Amino acid sequence: MTLRLNPASGTPLYVQLVERLKHSIATGAIKAGEQLPSVRKMAEDLLINPNTVIRAYRDLEGEGIVELRHGSGVFVQQSVEARADVMRKAEPIMRSALDRLESLDLTEDDVRRLMENELALRRDAQRRKRRA
Amino acid sequence: MPEPVIAVDHLSRSFGDKQALSDVSLAVTPGCVFGLVGENGAGKSTLIKHLLGLWRPQTGTVRLFGLDPVADPVAVLGRIGYLSEEPDLPGWMQVWELLRYTQAFYPKWDTTYAERLREQFGLDPNARIKTLSKGQRARLGLIAAEAHRPELLILDEPSSGLDPIVRRDILEAIIRTVTDQGRTVIFSSHLLDEVERVSDHLAMLHRGALRFCAPLDDIKARHRRIVLHFERPQQDPPNVSGAIRVAGTGREWTVICDAGKIHPAAMARHLGAAVVDDTTASLDEIFVAHASN
Amino acid sequence: MTSPTAALLWQIWRQHRETVAAVILLTAAGRVVDVLETSGREAGAPADSSPLTVLLAMLAFLLLLGVFNYTESSGDRGLGSFPRRLFTLPVTSLRLVTVPVLAGIASIELLYLLWLDPLSRDGSLSPPFVAVLLAAMVVFYLCILWSLERAGSLRLVMFGVIAVALFVVGMLPTLAPTPPPRLRSEAVLGGLVAGLAVAAFLLSWRHIARVRDGDDRSAFRVQPLLAWIAEATAGSRRAFATPAAAQFWFEWRSSGMVLPALVGLQLLIVVMPVSWMVRHDAGQTFIILLAALAAPIVLAVPVGIAFAKPTFWSEDLAVPAFVAVRPLSSADIVAVKVTVAALSTLLAWLILLVFVTVWLSSWGNLDSLSRLAVALWAFHQHSTAAVYGIAALVALAGMFLTWRCHVSRLWSGLLGMRLMLVGSIVSIVTVVIAGLVFEIQQLPGWLVADPARYAPLSWIAGVAVIAKYWLAAYAWRGMPPRYLRAYLLMWLAGTASFLALGLVVWGMLRIYLPLDADRLRSVVILLALLAVPLARVGLAPSSLTWNRHRS
């Protein structure tokens, strides 16, 4: 797997890894039911701390994309196919939201900043909930 | 909380007038990758030499595995692997002789592992060490430090002056070590992107004093980079209380600050400026901010 | 700077200003001493310059050679090679090479002129001949330094050999029978040496020019041969049984062969030719034999000083990280060093004894030796066993004395304080100079002549023995018992052999001595007890620990 992670960018490494893995799964590079590389191999290939990989895998597990089977490894859920449907259903929702925002005369940058702000707030809330 | 592998308590050291380390205290938990950063001359090598028992502490204590490396060097050093910046391997030895010599000191030496690494690194066993390039010597030093699977791997600026491929080998060794249960790595470097990739914990030394010592995620969460835009160009840097560093010219000023202590909007209002950008600071910026203080 | 030559000369002078000043000072001091001595001597006495003057002259010449050490090293400590940075100057290689050589010749001739009066007073050698030899020495020195850079520190050894050879050549015209035949005359020898010097100069010029053009092949393909020898004698590649075994191998490879090599070299280069030349003279043969037997002991002193440092070949007195990080206790490291020294001594003496056997049985003149043997045989109730026993005792005592010189500086050298190292070197040099000045060879005779003179000596020796054993008990208290046992065995063997030898010698000399021979015997016993180091070796691990964990 040739993924390049950029530690210097603003996003944490595990988030970047999660995004890349999701992309690979969505495009079919990693199929449903396939096993992801072990934590050790992934860490050695990408030259990142194993804890980062563990965190990324846990995040994916939390989102229901992968399943951590004790002793065997990390496997992509069979139900990932269903995710593609969900993604297809989400597209029109996003489209209508963007249309409405555009009608407020916001630029693309404004929209992006708004979305990132909202996502960041949700992320913080999630992290606080996890720690508590 | 498991017993720390390394426990440094109020360690101070001065060489004549120069204060190399002042009141440094840190603890390294087993199983983590501990990064030590700081500019040249900040005291990283001195701290590591104290860990190895090469320097006696002037004040304070150093304990590895609960033992004092000065009083009990044999017990401590048998569980450590060490790679320094310029490994002073004897030039007259051949590669196989060095490996055979080092093997005698560590009962847990894994010959197959050492052989596999030697082949992977492309080291000719009959080559004399003085004919090896700097990178090859670093790789050889890495095998000697790693092949006995030490509980603690200490690396003192291992990558300085080396090409990216050798640096990769060293990072791989770090990750291999830490994925083995219970083994720890402490390494000092000023290549921040490497430190960012592999460290769990990070400590920064500046002029002998510890600036911060915390998990990497916490450090990155705590520091924010705020860009302010002023209506009128400012001659002097705006006085932001609680900021670690303020830099810029004219209308645009960048503030690196502790996220917990400063509220960006309030600060901007107080100064009469607008917040243009508010992001997490990169490790590079955090480092420069602390180092320039 | 008006010309490149002036610039090159200025650089030599500027770099070695202090050494030049020292040379001038030594010369002035030597001349003053010489004037004082000759004016104090009565008229008609043999006009020979005193040993002190000769020593000062030698020092001055040695320092001058240091000034013309025209090398620079690229980073690693130690002797370097021809300064590479000069290659980028717009100057021909010939000039780069000629300037230091001619400057060296001119300086040494100037120095010889300044020392001409004291050195040529005995009239054995003509000044022009000596001047030619000196010039040739400078040329050989520089050529060796430049052409044989791969040999590293071995170059100094090679130069030492060449210097001794030149000295021998210088002596050749004066040896019997005089006047020397055509081949051994000064003119022919001088011409030969000059020709060799010119050849060496041309070779090194060619080498430097080649190196400058980028053709860095060494002229001497020694390296592959050495590597082949090392491969062939590599022995097993099995793992070491213990850490101490590995450390022993390391120390042995670093420095174990130095003493045997030096002993073998001087036997080959000095003793063999000289013994051949004096083979018709029994008295001189005996003296050469004694000198050969004393050589390992004398050589062990400088070797011991270098050996006492944590690394033999480096000037750095700190324990190198390579060794300091090994899980090996200081006592183990010191034990390894002591064992290496013992083996080294054994090997050196083996070489010496083999050589002496071959020499004495082939071309050696055994007259005085046989007379001595017969006297001993007669003295000891006609027992040949006693004679062989005494010979064996002498060899044994020599071995232990050599080993003692090899090992006795460990406690101070391992401390890692430069002051201590310099102090020990200075103390040895001072003793040698004092011995030469005060003609110490007359001391034993003077002492023995009057019993009252060596009475205080026995008291001093007694106190010293008590102090030594008290200190030893303190020093060895922290050491592992197995080391104590092993070392005590060695110590006992050494002390026993010294005691035996001392008593035998005393037994024989007793007849010729005046009264109170018993007191002399007790002095001999006490000195034998002091000879082998006990406390010093026990203190060495503490020194190493202090050095290893620096405060």
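Scoring rules and cut-offs
- Residues numbered from 1 in each chain as written.
- Chains lettered and ligands numbered in written order.
- Predicted model: local features only at pLDDT ≥ 70, side-chain atom pairs only at ≥ 80, totals over all residues.
- Helix = DSSP H or I, 4+ residues; strand = E, 2+ residues; numbered from the N terminus.
- Contact = placed C-beta atoms within 7 Å.
- Pairing = 2+ DSSP bridges.
- Axes fitted to C-alpha atoms, helices over the stretch in contact; angles between N-to-C directions.
- Nonpolar A, V, L, I, M, F, W, Y, C, P; charged D, E, K, R; others polar.
- Buried ≥ 20, exposed ≤ 12 C-beta atoms within 10 Å, placed from the backbone.
- Parallel < 35°, antiparallel > 145°, perpendicular 65-115°, else oblique.
- Left-handed = near helix turned anticlockwise from the far one by under 90°.

Caption draft 1: Representation of the overall build of chain A. What chain A contains, in helices and strands, is five helices and three strands. If you list the helices and strands of chain A from N to C, you get α-β-α-α-β-β-α-α. Each principal axis of the C-alpha atoms in chain A carries an extent, and together these give about 55 × 35 × 30 Å. By sequence separation, contacts in chain A at least 24 residues apart represent 53% of the contacts at least 6 residues apart.

Caption draft 2: Here's a closer look at the arrangement of the chains. Contacts are most numerous between chains B and C, taken over all two pairs of chains that touch. Chain A shows no contact with chain C. Their nearest C-alpha atoms sit 28 Å apart.

Caption draft 3: Region of interest: the sheet that holds strand β4 (residues 59-64) of chain B. Residues and elements named next belong to chain B. Strand order across the open sheet formed by three strands is β2-β1-β4, with antiparallel pairing between neighbours. Each of the sheet's edge strands pairs with one partner strand only, and the pair in question is β2 (18-28) and β4. Strand-to-strand, the axes of this sheet are offset by a mean angle of 20 degrees, without reference to chain direction. Bridge count between strand β1 (residues 6-15) and β4: five bridges; the pairing is antiparallel. Following the sheet pairing, D9 is matched in β4 by T61.

Caption draft 4: Examining the interface of chain B and chain C more closely. Taken residue by residue, the interface counts 20 residues in chain B and 21 residues in chain C. Among the elements that take part in the side of chain B that touches chain C, helix α3 (residues 95-103) of chain B stands out by supplying four residues, more than any other. Among the residues forming the side of chain B that touches chain C, the class breakdown is 13 nonpolar, four polar and three charged.

Caption draft 5: Spotlight on the sheet that holds strand β10 (residues 223-234) of chain B. All names here are of chain B. Across the sheet, three strands lie side by side as β11-β10-β12; this open sheet has antiparallel pairing. The open sheet has two edge strands with one neighbour each: β11 (243-258) and β12 (273-280). Each strand axis lies, on average, 25 degrees off the axis of its neighbour in the sheet, ignoring direction. Both β10 and β11 contribute to a ladder of eight bridges, which runs antiparallel. Following the sheet pairing, V227 is matched in β11 by T254. Together, β10 and β12 form the strand contacts of helix α9 (residues 264-271), whose direction differs from that of β12 by roughly 150 degrees. Across the face of the sheet, helix α10 (residues 283-291) comes into contact with β10 and β11 while running at roughly 85 degrees to β11.

Caption draft 6: Highlighting the pairing of strand β8 (residues 201-206) of chain B. Residue and element names in this part refer to chain B. Counted residue by residue, β8 has five buried out of six residues, so it is predominantly covered. As judged from the four bridges shared by strand β3 (residues 33-37) and β8, these two strands associate in the parallel manner. The residue bridging F34 from the neighbouring strand is H201, located in β8. Between β8 and strand β9 (residues 209-215), which pair antiparallel in sequence order, lie two residues; one of them, R207, sits at a positive phi of approximately 55 degrees.

Caption draft 7: Looking closely at the packing of helix α16 (residues 384-407) of chain C against helix α21 (residues 481-509) of chain C. All names here are of chain C. Here α16 crosses α21 at 130 degrees, and the two axes come no closer than 9 Å. Taken together, α16 and α21 sit at an angle that is classed as oblique. Of the two elements, α16 crosses α21, and the hand of that crossing is left-handed. Contacts between α16 and α21 pair I390, L393, V394, L396, A397 and F400 from the former with G494, S497, F498, A500, L501 and V504 from the latter. A class-by-class count of the residues in the contact of α16 with α21 yields 10 nonpolar, two polar and no charged.

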